[in-house]
Amino acid sequence: MADIKNLENIASQVRRDIVRMVHEKNSGHPGGSLGCADFMTAMYFEVLKKDSKNFTIDGKNEDLFFLSNGHISPVFYSVLARSGYFPVEELKTFRALNTRLQGHPTTAEDLPGIRIASGSLGQGLSVAAGAALTKKLNGENTTVYSLHGDGELEEGQIWEAAMFANARKIDNLIATIDYNKVQIDGTTEDVLDLGNLRTKWEAFGWIVLEMQGNNMADVIRGLAEAKLKTGNGKPVVILMHTEMGAGVDFMMGTHKWHGVAPNDEQLKDALSQLEETLGDY
Amino acid sequence: MKKYISTGNKDTRSGFGVGLLEAGKKNENVVAMCADLIGSLKMDAFVAEFPERFFQAGIAEANMTGVAAGMTIGGKIPFIGTFAAFATGRVYDQIRQSVAYSNKNVKIAASHAGLTLGEDGATHQILEDIGLMKMLPNMVVINPCDFNQTKAATIAVAEYEGPVYLRFGRPSVANFTPENQKFEIGKALMLNEGADVTIFATGHLVWEAIQAGEKLAEKGIDAEIINIHTIKPLDAKAILKSVKKTNCVVTAEEHMLNGGMGDSIAQLLSRNYPTPIEMIGVNDTFGESGTPAQLLEKYGLNAENIIKAVEKVIARK
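Residues numbered from 1 in each chain as written. Chains lettered and ligands numbered in written order. Predicted model: local features only at pLDDT ≥ 70, side-chain atom pairs only at ≥ 80, totals over all residues.

## Some points on the overall build of chain A
Formally: We count a stretch as a helix when DSSP gives it H or I for four or more residues in a row; a strand needs E for two or more, and each element gets its number in order from the N terminus. Using C-alpha atoms as the atom set, the radius of gyration is obtained and then compared with a globule rule of 2.2 Å times the number of residues to the power 0.38. Placing a C-beta atom from the backbone of each residue, one calls two residues in contact when those atoms lie within 7 Å.
Looking only at helices and strands, chain A features 10 helices and 7 strands. Relative to the 2.2 N^0.38 estimate, which gives 19 Å for 281 residues, the radius of gyration of chain A is 17 Å and therefore close to what a compact globule would have. Considered along the principal axes of its C-alpha atoms, chain A spans approximately 50 × 45 × 40 Å. In chain A, the share of contacts with a sequence separation of at least 24, taken over all contacts with a separation of at least 6, comes to 76%.

Set out below in structure tokens:
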């Protein structure tokens, strides 16, 4: 049984890491990072079968996770460091010259935990489908996960990958959509209406689940349900309802914090709302 | 002039097909994908032999490129096949981020490159692909000259670890390099030692360069002819060694002058050993419909034009 309280405590520290990293460099994407903090904590502290101390690109016999919306690198780096892939102190180097923690995740700096570069949107579902195919060819009973922004679904390649994964019966793949309904320029409805995502994914042949992404108990429930749906000849997608900026009141309910860093005063305000549970880096 | 004999015309894409099958037999991690062009890419034999290792991508090249990048994670060696136009320009960002920057072991198998695709015309006749691919860090760029060499190159790139762009073509052309040759990535091949001029050629124009060399010999011009099958990494040592002997250069390729092999050689020479150079290639224009021979003639890419360029560059020495 997952210890929900413990996972919530970790997520609180992850959120502190996110706002501190972005504030420090006055650069980065706090909104989506905060919205996905619960999901990413659940993935790296509960769900993924992984070996964080002996990282390999191939991840043989491990579950794999691919971050397709690479701009939410702060939350990725925080959970990777906090779950043991690299030293927590290294979070200080986020976006600095010569860092392994590039603005968007990359394999080019050999940072443990990263298996593909992402940043240019829409590519991660194809990559995850390919990695899942290889897992099947290698006879592994493991699962490949991916995370995507909802705005990212505006990219055509996502739907090429959706068609492919269904046609090739890639049923060891669980894609999650950060369904916060906002993107840089405004709401997804205003920028480019996504329509009915459930019926869209169903029409592409996927098993569609939903969960509340800022409710840890529901995230754990949703991911467990998704895992149960694997192995049935179809890929699985979770529409994860989140709020951009979740956990920091003044960052919620707006698209304005997609890619803007808090100033000193705002940082103080944000940190006052997030308990320091594991010790700041 | 050393004599080269064609054992009969064959297409380079068939060399790829035979090479892919052999690479697949040698290593069970070799897998293949195609964007609805199995017959055109001559991948049929691989598909028949290894149906469980072949993945039809449909007309969705961006996804095919990304899936291939993902398949390398866990040790597969994917060859992705389509026309060169769609294998490069259409999916440049996917190659850039998921393959080159991520340094994935993906082999981009690009057929129907250049003007000799023929009647389909300019939409399909990409002349910019070498430039696009050679600009990407981590990417190896290979353009073999005939059936035998394309087969050998395919086997060699399967054994090489890292992203590769393998360019070949549609028409049947002279097959004159040794059967079962060993292909060394990055090594320029000396075809004829000469003293008066060096002709560097790649792909289909290597045979044209040989034809030119024979006619030049009749005129008393002793041409050194070198096959640059690997455009990146460029064999700088071999190129400089030759040019220091001949002191003038002609380059020949079925590609745009901007960004092609000649461009790379000109850059190398201007930095290290400035030398008169004439370049055979397409000069900043799109192609058009026609037979391969008609197009090579109209755009100045045949033996006759190589001879003219040689005479011009020797006069500039």
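## Thoughts on the overall build of chain B
Convention followed: Whether a residue is buried, exposed or partly exposed is read from the other C-beta atoms within 10 Å of its own C-beta, which are placed from the backbone; 20 or more gives buried, 12 or fewer gives exposed, and intermediate counts give partly exposed.
Check the secondary structure of chain B and you find 13 helices and 14 strands. Computed over its C-alpha atoms, the radius of gyration of chain B comes to 19 Å, within 12% of the 20 Å expected for a compact globule of 317 residues. Dimensions of chain B along its principal axes, counting C-alpha atoms only, are 55 × 40 × 35 Å. Split into buried and exposed, the 317 residues of chain B put 61% on the buried side. Within chain B, contacts between residues separated by at least 24 positions form 82% of all contacts whose residues are at least 6 apart in sequence.

## Side note on the nonpolar core
Note the threshold: In these notes, a nonpolar core means any group of buried Ala, Val, Leu, Ile, Met, Phe, Trp, Tyr and Cys residues linked to one another through C-beta atoms within 7 Å.
Counting 189 residues, the largest nonpolar core has A129 of chain A together with I199, I306 and V310 of chain B as its most contacted members. The contacts of I199 of chain B, once residues within four sequence positions are left out, are A209, A212, G213, A223, I225, V250, A252, I306 and V310 of chain B.

## Here we look at the pairing of strand 14 (residues 277–282) of chain B
Residue and element names in this part refer to chain B. In plain terms, the rule: A pair of strands is considered paired only if DSSP assigns at least 2 bridges between the two. If you view a crossover with the strands going away from you and the path from the first strand over the helix to the second runs clockwise, you call it right-handed.
Of all 6 residues that make up strand 14, 6 are buried, and the element is covered over most of its length. Note that strand 13 (residues 249–256) and strand 14 share 5 bridges and pair parallel. The partner of M256 across the bridge, within strand 14, is V282. The β-α-β motif built from strand 13, the intervening helix 11 (residues 261–272) and the parallel element strand 14 has right-handed crossover chirality.

## A word on the interface of chain A and chain B
Test applied: Basically, the charged four are Asp, Glu, Lys and Arg, the nonpolar ten are Ala, Val, Leu, Ile, Met, Phe, Trp, Tyr, Cys and Pro, and anything else, Gly included, counts as polar.
In this assembly, 29 residues from chain A lie in contact with 22 residues from chain B. Those elements that place two or more of their residues in the side of chain A that touches chain B are helix 5 (124–137) and helix 6 (156–167) of chain A. A total of 10 residues in the side of chain A that touches chain B trace back to one element, the largest contributor, which is helix 5 of chain A. Looking at the side of chain A that touches chain B residue by residue, the classes come out as 13 nonpolar, 10 polar and 6 charged.

## Some words on the environment of N272 of chain B
Residue and element names in this part refer to chain B. As for its placement among the helices and strands, N272 is situated in helix 11. The class of N272 is partly exposed, set by 13 C-beta atoms lying within 10 Å. Sequence spacing of N272 and K219 is 53 residues, and the spatial spacing of their C-alpha atoms is 31 Å.

## Here's the deal with the sheet that holds strand 7 (residues 236–241) of chain A
All names here are of chain A. Operational definition: What counts as an axis is a line fitted to C-alpha atoms, over the stretch in contact for a helix, and the angles between N-to-C directions run from 0 to 180 degrees.
Strands sit in the order 1-2-3-7-6 across an open sheet of 5 strands; the sheet is parallel. The sheet is open, and its two edges are formed by strand 1 (64–67) and strand 6 (207–212), each paired on a single side. For this sheet the average axis-to-axis angle between neighbouring strands, irrespective of direction, equals 20°. Note: strand 6 against strand 7, 6 bridges, orientation parallel. Considered in strand 7, the bridge of E210 is made with L239.

## Here's the deal with the packing of helix 1 (residues 4–25) of chain A against helix 3 (residues 37–47) of chain A
Residue and element names in this part refer to chain A. Cut-off, in case you're wondering: Convention used here: angles under 35 degrees read as roughly parallel, angles over 145 as roughly antiparallel, angles from 65 to 115 as roughly perpendicular, and any remaining angle as oblique. Definitions for this section: a left-handed crossing has its near helix turned counterclockwise from the far helix by less than a right angle. A right-handed crossing has that turn clockwise.
Axis separation between helix 1 and helix 3 bottoms out at 9 Å; the angle between their running directions is 120°. As the angle between them shows, helix 1 and helix 3 are arranged oblique. The two elements helix 1 and helix 3 meet at a crossing, and its hand is right-handed. On helix 3, the residues that touch L7, I10, A11, V14, R15 and I18 of helix 1 are A37, D38, M40, T41, A42, F45 and E46. Split by residue class, the contact of helix 1 with helix 3 holds 9 nonpolar, 1 polar and 3 charged.

## Quick look at the domain arrangement of chain B
Residues and elements named next belong to chain B. The criterion, for reference: Segment limits for the domains were obtained from an automatic or database-derived domain assignment.
Each assigned domain of chain B is listed here: domain 1 (10–173) and domain 2 (189–315). Taking the mean C-alpha position of each, domain 1 and domain 2 sit 25 Å from one another. Each partner contributes residues to the interface: domain 1 has 26 residues there, and domain 2 has 31 residues. Of all the secondary structure elements, the ones that give two or more residues to the side of domain 1 that touches domain 2 are helix 7 (129–134), strand 6 (140–142) and helix 8 (147–159). Each residue belonging to the side of domain 1 that touches domain 2 can be placed in one class, and the counts come to 13 nonpolar, 9 polar and 4 charged.

## Examining the pairing of strand 3 (residues 173–179) of chain A
Residues and elements named next belong to chain A. By the criterion of burial, strand 3 is predominantly enclosed, with 7 of the 7 residues buried. Covered by surrounding structure in strand 3 are L173, A175, I177 and Y179 together with I174, T176 and D178, the residues of both alternating faces. As paired strands, strand 2 (residues 144–149) and strand 3 are joined by 6 bridges and run parallel to one another. Its bridge partner being in strand 3, L147 is matched across the sheet by T176. Considered for its hand, the β-α-β crossover made up of strand 2, helix 6 and strand 3 is right-handed. Here strand 3 pairs with strand 7 via 6 bridges, running parallel. Bridge pairing links Y179 to H241 in strand 7.

## Brief notes about the packing of helix 1 (residues 12–26) of chain B against helix 8 of chain B
In a packed pair of helices, the relevant descriptors are the angle between the two axes and the axis-to-axis distance. Residues and elements named next belong to chain B. Close contact between helix 1 and helix 8 brings their axes to 7 Å; oriented N to C, the two are set at 35°. Along this stretch, helix 1 crosses helix 8, giving a crossing that reads as right-handed. Here helix 1 contributes T12, S14, G15, F16, V18, G19, L20, E22 and A23 to the contact with helix 8, which in turn contributes F147, N148, Q149, T150, K151, A152, T154, I155 and A158. Looking at the contact of helix 1 with helix 8 residue by residue, the classes come out as 8 nonpolar, 8 polar and 2 charged.

## Regarding helix 13 (residues 303–315) of chain B
Note the threshold: In this analysis, the expected span of each helix is defined as 1.5 Å times one less than the number of residues it contains.
Between the first and last C-alpha of helix 13 of chain B there are 19 Å, a value that for 13 residues agrees with the 18 Å anticipated at 1.5 Å per step. Where helix 13 of chain B is concerned, the buried positions are A303, N305, I306, I307, A309, V310 and V313 of chain B.

## Comments concerning unusual backbone geometry
Glycine aside, negative phi is the norm for most residues, and most peptide bonds take the trans geometry. All names here are of chain B. Put simply, K232 and P233 share a cis peptide bond, and its omega is 0°. With a phi angle near 60°, K42 is a residue other than glycine that sits in the positive phi range. By the secondary structure assignment, K42 is in the loop between helix 2 (38–41) and helix 3 (44–49). A positive phi angle, near 55°, is found at N180, a position not held by glycine. Mapped onto the fold, N180 is located in the loop between strand 8 (172–173) and strand 9 (189–192). In this structure N180 comes out as exposed when scored by C-beta crowding, with 8 C-beta atoms within 10 Å.

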